[in-house]
Amino acid sequence: MADNNPAADVQQLPEIIVFGPPTIFGHYEKEFNSRFRVLKPWESPLPLSQFLEAQAHNTRAALCGATASLTAAVLCSLPSLRLIVATSAGLDHIDLIECRRQGIVVAYAASLFSADVADFAVGLLLDVLRKISAGNRFVKNGLWPVRGDYPLGVKLGGKRVGIVGLGSIGFEVAKRLEAFGCEISYHSREKKSCVLAWFHIQMSIHELAAKSDILAICCALTEQTHHMINRDVMLALGKEGVIVNIVRGGVIEEKALVTCLQRAEIGGSGLDVFEHEPRLPKELLQLDNVVLSPHAAVLTQESMEDLYHLLVANFQAFFSNKPLISPVPHHYLP
């Protein structure tokens with residue numbers, strides 16, 4: 001007679017542990033539960049270290065959201081772990097040195113989000129320059145009949161744009177801004193051989209800021225890029241300059257950014273990311289030349305569906321002893 005015990009069926013599924021939980025899990029939890037036996041540390045009253053010791057000693061695979069931190073201590077508490085599948089393209093929340101030491105392979109979102117993030121970057125930029133969100137508040141707060149004409153915005157077309165980090169996201173941002181007639185320059189770890197004719201040469205970050213009207217931050221957060229956009233860079237950008245950040249908050253020295261905005265030492269900023277999310281400086285809330293977003297550049301229905309299929313495909317490849325679909329390239333690893 002067939003065994004119809006659901007608990008028994010679940011025990012036969014491959015086991016994964018989920019850290020976060022990631023945003024994708026809120027949309028596809030049922031689907032994950034149907035494919036895997038899922039360990040959910042956030043549902044346990046136990047501290048994480050005790051949960052891992054009690055429940056995850058033999059767990060071989062993990063799903064890691066962008067807000068979870070997989071430190072060396074966490075990884076050492078998972079002696080059987082051999083795979084981490086990250087839901088993000090950025091990997092600054094995972095101790096990659098410890099992963100290499102323990103023989104843990106890492107898969108990630110790769111370029112899956114690049115187009116959506118680039119669209120969002122252009123949207124933030126247009127919002128700051130043309131004062132769209134500020135105009136929305138102006139109308140909804142009843143100020144139009146009282147104050148009359150709304151302040152002038154600034155056009156995007158023809159602006160000099162400096163792309164900080166010409167990877168997948170940076171290249172997609174540049175392509176979109178080229179359609180506006182913008183003049184594109186870039187700063188990256190190395191000179192790119194694949195840039196198109198309308199790109200200008202690679203520059204140092206200070207030179208790029210001095211020769212740009214706009215800085216679009218598109219690089220990964222690393223030890224080298226942490227606080228790379230500091231006060232000196234902002235002053236080089238100048239009083240009319242605009243900064244858009246859609247990657248990681250720590251690339252910008254946030255306190256310096258607040259000071260420069262308050263003193264009108266730069267013209268404005270569009271921020272989807274912050275240093276200490278979800279907390280952010282309260283001063284930013286008071287500024288009409290700043291557009292804020294809750295780390296939402298990747299959040300589209302289409303990207304979540306694509307991400308779900310990519311994550312599942314990586315897990316299935318791992319449990320079938322096949323090559324991963326989107327492994328982190330070796331040159332990314334320390």
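Residues numbered from 1 in each chain as written. Predicted model: local features only at pLDDT ≥ 70, side-chain atom pairs only at ≥ 80, totals over all residues. Heavy atoms only, no water.

Caption draft 1: Broad picture of the pattern of salt bridges. The full count for this structure, using the stated rule, is 11 salt bridges. The salt bridge partner of Arg248 is Asp92, with a shortest N-O separation of 2.9 Å. Taken together, the residues Arg248 in the loop between strand 10 (242-245) and helix 12 (254-262) and Asp92 in the loop between strand 4 (83-86) and helix 5 (96-102) connect sequence positions 156 residues apart. For Asp92, a relative accessible area of 38% puts it in the partly exposed group. Across the salt bridge formed by Lys175 and Glu172, the nearest N and O atoms sit 3.3 Å from each other. You can see Lys175 and its partner Glu172 sitting in helix 9 (residues 168-178), 3 residues apart, about one turn around the helix. Among the residues examined, Lys175 registers a relative accessible area of 36% and is labelled partly exposed. The exposure class of Glu172 is buried, given its relative accessible area of 19%. A single salt-bridge network, built from bridges that share partners, covers Asp119, Glu172, Lys175 and Arg176. (Salt bridge = Lys/Arg side-chain N within 4 Å of Asp/Glu carboxyl O. Helix = DSSP H or I, 4+ residues; strand = E, 2+ residues; numbered from the N terminus. Buried < 20%, exposed > 50% of the residue type's maximum accessible area, 1.4 Å probe, protein only.)

Caption draft 2: The arrangement of the packing of aromatic side chains in detail. On inspection of all chains with the given rule, the structure shows 9 aromatic pairs. Taken together through their ring pairs, the aromatic side chains of Phe25, Tyr28, Phe32, Phe36, Trp42, Tyr308, Phe315, Phe318 and Phe319 make up a single cluster. (Phe/Tyr/Trp six-rings, centres within 6.5 Å; stacked < 30°, edge-to-face > 60°.)

Caption draft 3: Highlighting helix 6 (residues 114-130). For helix 6, which comprises 17 residues, the first-to-last C-alpha distance of 24 Å matches the rise-based estimate of 24 Å (1.5 Å per residue) to within 8%. Turning to helix 6, its buried residues are Ser114, Val117, Ala118, Ala121, Val122, Leu124, Leu125, Asp127, Val128 and Leu129. Each element contacted by the buried residues of helix 6 is listed here: helix 7 (132-140), helix 9, strand 9 (214-217), strand 10, strand 11 (268-271) and strand 12 (290-292). Downstream of helix 6 by a residue or two, Lys131 has a phi angle that is positive, lying close to 60°. (Expected span 1.5 Å × (residues − 1). Contact = heavy atoms within 4.5 Å.)

Caption draft 4: Structural context of the sheet that holds strand 5 (residues 105-107). If you walk across this open sheet you meet the 5 strands as 2-1-3-4-5, and the pairing is parallel. Edge positions in the sheet fall to strand 2 (37-39) and strand 5, since each has one partner strand and no second. The mean inter-strand angle of the sheet, taken between neighbouring strand axes irrespective of direction, is 25°. The strands that helix 2 (residues 23-35) touches are strand 1 (15-19), strand 2 and strand 3 (61-64); relative to strand 2, the one it contacts most, it runs at about 135°. Packing against the sheet, helix 3 (residues 48-55) makes contact with strand 1 and strand 2, and its axis sits at approximately 175° to strand 1. (Pairing = 2+ DSSP bridges. Axes fitted to C-alpha atoms, helices over the stretch in contact; angles between N-to-C directions.)

Caption draft 5: Main features of helix 2. Compared with an ideal rise of 1.5 Å per residue, which puts 13 residues at 18 Å, helix 2 spans 18 Å between its outermost C-alpha atoms and is within 8% of the ideal. Buried-residue contacts for helix 2 involve strand 1, strand 2, strand 3 and helix 13 (301-319).

Caption draft 6: The arrangement of the pairing of strand 9 in detail. Side-chain alternation along strand 9 places Ile214 and Ala216 on one buried face and Leu215 and Ile217 on a second face that is also buried. The pairing of strand 6 (residues 160-164) with strand 9 spans 4 bridges and is parallel. Along strand 9, the bridge assignment pairs Gly162 with Leu215. Of the pairings in the sheet, the one linking strand 9 to strand 10 comprises 4 bridges and is parallel in character. Each bridged residue has a counterpart across the sheet, and for Ile214 the counterpart in strand 10 is Val242.

Caption draft 7: How the structure looks around the side chain of Ser326. Structurally, the position occupied by Ser326 is in the segment after helix 13. Overall, Ser326 belongs to the buried group, its relative accessible area being 7%. Among the polar contacts listed, one links the side chain of Ser326 to the backbone oxygen of Tyr108, at a separation of 2.7 Å. Among the polar contacts made by the side chain of Ser326, one reaches the side chain of Asn314 at a distance of 2.9 Å. The contact partners of Ser326, leaving out residues within four places of it in the chain, are Val106, Ala107, Tyr108, Ala110, Leu310 and Asn314. (Polar contact = N/O pair within 3.5 Å; in protein donor to acceptor, adjacent residues only side chain to side chain.)

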